Amino acid sequence: MSLREEILTELHRYNQEQLPTSAFSLYELKMASLSIFFLVCAAVLLVISYLRKLLSGSTTKNFPPGPRGLPILGNLHQMGKQPSRTIRDMSKIYGPTVGLHLGSTPMVVLHDPATVRKVYNDENVTGRPQTQILNFFFKNRGIVMAEGQLWKEHRRFALSTLRNLGMGKSWLEDAILDEVQEIIEQFRTREGAPFDARRHLTLAVSNVVCALVFGRRFDHNDKRFIRLCNMFADYMALVNSLLPVQAFPILKDIPCLKYQKLFDEFMVSIKEIGGFTNEMIEEHKTKVPEAKNGMIKQDYITAYMEEKKKQDPNTTTFDDEQLMFSIVNLFTGGTESSASTLLWGMIHLARFPDVQQKIHKEIDAVLGGEKRLVILSDRGQLRYTDAALQDVQRLAAMAPLSLPHSNFEAMEIDGYNIPARSFIHQNIFSLHYDEKYWAKPNELYPEHFLDENGDVMSPAAFMSLSVGKRSCLGEALAKMETFLFFSNIVGSFRITGNKEELDRVTRNMTLGILNSPLPFDIQLIPRRW
Ligand code: HEM
């Protein structure tokens, strides 16, 4: 059976009740035909009444204002290539809470920081959209797409495990610094010539997740590791391209459209990732974790298997499939976001050489003549550098519309009625570029994050890692690794490049699910050592 047939059979099985196996009599057949006729009439009437409601605006009374959509499509055709930018422009007309429809599903996009905080702290808004296609891909498992008790249990486990494994522990800082050292050496071999740094950074930050999850790092030339990183990159790109299929699953069945091919590629990609993570899980079942200084060196998989042993086998949700999806989430959540933040860092530092010079001065003053890397305990003295990194994250707006939330029950936001199971987004891109909140929204201006005493602060409109009950699970790790990579790269090199190319990449932000920069070359001129 071809892959496509396999997928379709599985989809069919997923959607359909089993038909009774007994043979029909003629009478039963006639009755069945009549019932089908009445069912079809009822369906047509339902569709007509739905279309009338849709044409007259929204299906919900007092739904937030927004542009009128089309029947069936809703506002899908108005989103453009950069939905966060388009919706930001809509908010200038309709106000900070914009109401739209993705097909027939209501979607609300928030543009006010206080409203975002209030809504994202509401237990009712901790759901994720449960479309047929997402359920098919993720089976509501793992962390990112799970909801309710399963999500709570596994988010809690992941947070405490990541904290126990690494946060505040020197081995994780050492593991990150090993990666930093490795890429600095790779960058030095370029001797200031233009090159694309994406691959180096992606491998380095993936290795940090590998250290936590698999308890080991890979050589940057290891073919299996390179394949794994490519798989995660393809996976994210495909999720992005398949967004319209969420609203209209039928798109994947129309042969002349690109979605059928993309859908097949997505299935191949998820199978490969699943295969790789399962291999690692199986390896852990047979290998005793290596002991370090008399202590067993833990990793996420080992901690998970220990937790599984403690649970009641009849009721536990700790099984291999849930572990596989959680690992996929840690990789997809923690790799491209961090690597792209660092790429944007290079772009903006090259575009704003004055800021770069001030950072060099600060790092040189703190390290003095010492030939060593910047470490976490230097952070308190590197306030301008730290503020510059935060402003890079503001400009990067890595997850422009964050991830969609969903409300279990109907609710009110900003005095408007929101039906149950709407898509609820915040517009991080809009908040990060709004001149109401930032003195120089389009420039790298670390002062945005410094108070009058020169201390680092976090302005209310800064939402890079989101806020509330479902905020980024990897926040502590993300902050630690972006600081160590960013400060050491800029400390070790003068970063420069072709200004026109870097301005073009900045103007043409991708603004998909993630805002990864388009390909560009950078020049890193060694300094300090
Ligand atoms: C600079 C790097 C990062 C950025 C900008 C970022 C951003 C985000 C954002 C905006 C969300 C959505 C929150 C929401 O739904 O409201 C999120 C969720 C998440 N992030 Fe991150 N993230 C980063 C790094 C990481 C890392 C290093 C990991 C783990 C290794 C990670 C794992 C996750 C997970 C598992 C979720 C889902 C949380 C849930 O649904 O409960 N992220 N992240």
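For the structure itself, consult the block above.
Residue positions are given per chain, counting from 1 as you read along its sequence in written order. pLDDT decides what is reported in this predicted model: residues at 70 or higher carry local features, side-chain atom pairs at 80 or more are listed and counted, and totals for whole chains, interfaces and linings draw on all residues regardless. With hydrogens and water set aside, each side-chain value is computed from the structure's full complement of heavy atoms.

Caption draft 1: Examining the environment of M346 more closely. Secondary structure elements follow DSSP: runs of H or I no shorter than four residues count as helices, runs of E no shorter than two count as strands, and numbering proceeds from the N terminus. Looking at the element boundaries, M346 is found in helix α14 (residues 336–351). Exposed residues in this analysis have more than 50% of their type's maximum accessible area, buried residues have under 20%, and partly exposed residues fall in between, with area computed by a 1.4 Å probe over protein chains only. Judged by relative accessible area, which is 3%, M346 ranks as buried. On a C-alpha basis, the gap between M346 and I489 in space is 8.8 Å, while along the polypeptide they are 143 residues apart. The contact rule is simple, with two residues in contact once any of their heavy atoms fall within 4.5 Å. Leaving out residues up to four positions away in the same chain, M346 has contacts with F187, A197, L201, I489, I495, I522 and L524.

Caption draft 2: Seen up close, empty space enclosed by the protein. Using a grid of 1 Å spacing that covers the protein atoms alone, one calls a set of points a cavity when a 1.4 Å probe fits there but cannot get out, and a pocket when the set is open and has protein on both sides within 12 Å along at least five of seven lines; lining residues are those with an atom within 4 Å of a point. Grid points are joined across faces, edges and corners, and a volume is the space filled by probe spheres set on the points. One pass over the structure, following the stated rule, counts 3 cavities of 30 Å³ or more. In this structure, the largest cavity spans a volume of roughly 50 Å³. Around the largest cavity sit L342, G345, M346, L349, F486, I489, V490 and I495, which together line it. Contributions of two or more residues to the lining of the largest cavity are made by α14 and α18 (475–492). Considering every element that reaches the lining of the largest cavity, the biggest residue donor is α14, with 4 residues. Of the residues contributing to the lining of the largest cavity, the split by class is 7 nonpolar, 1 polar and no charged. As a volume, the second largest cavity reaches approximately 40 Å³. Counting residues per element, the ones that place at least two in the lining of the second largest cavity are α15 (353–367) and α18. Three residue categories are used. Nonpolar comprises Ala, Val, Leu, Ile, Met, Phe, Trp, Tyr, Cys and Pro, charged comprises Asp, Glu, Lys and Arg, and polar comprises the others, including Gly.

Caption draft 3: Broad picture of the site of the ligand. We call a residue near a molecule or strand when any one of its heavy atoms sits within 4 Å of it. Contacts to the ligand come from 26 residues, most closely from R128, R155, H405, S466 and C472. One of the backbone N or O atoms of G333 is found 3.2 Å from a nitrogen atom in the ligand. Take R470: an N or O atom from its side chain is 3.0 Å from an oxygen atom of the ligand. Elements with a minimum of two residues in the shell around the ligand: α6 (148–165), α13 (320–334), α14 and α18. Residue composition of the shell around the ligand, by class: 13 nonpolar, 10 polar and 3 charged. Polar contact criterion, stated in full: a pair of N or O atoms within 3.5 Å, where within protein one must be able to donate a hydrogen and the other to accept it, and residues adjacent in sequence count only if both atoms are side-chain atoms.

Caption draft 4: Here's a closer look at the sheet that holds strand β8 (residues 423–426). When DSSP finds two or more bridges between two strands, those strands count as paired. Taken in spatial order, the 4 strands make up an open sheet running β1-β2-β8-β5, and their pairing is mixed. Of all the strands in the sheet, the pair left with one neighbour each is β1 (97–102) and β5 (405–406). Across 4 bridges, strand β2 (residues 105–110) lies against β8 in parallel orientation. Considered in β8, the bridge of V109 is made with H425. Taken strand by strand, helix α3 (residues 83–94) contacts β1 and β2, and its axis lies near 130° from that of β1. Fitted lines through C-alpha atoms serve as axes, helices being fitted only where they are in contact, and the angles separating the N-to-C directions of these axes extend from 0 to 180 degrees. Across the sheet, helix α4 (residues 113–120) touches β2, β5 and β8, and the angle it forms with β8 is around 135°.

Caption draft 5: Here's a closer look at the pairing of β2. Within β2, 5 of the 6 residues are buried, which leaves the element mostly enclosed by the surrounding structure. Sheet topology places β1 next to β2; 6 bridges connect them, and they run antiparallel. Paired with L102 across the bridge in β2 is T105. Linkage of β1 to β2, two consecutive antiparallel strands, is achieved through a turn of 2 residues, within which G103 is found at a positive phi near 65°.

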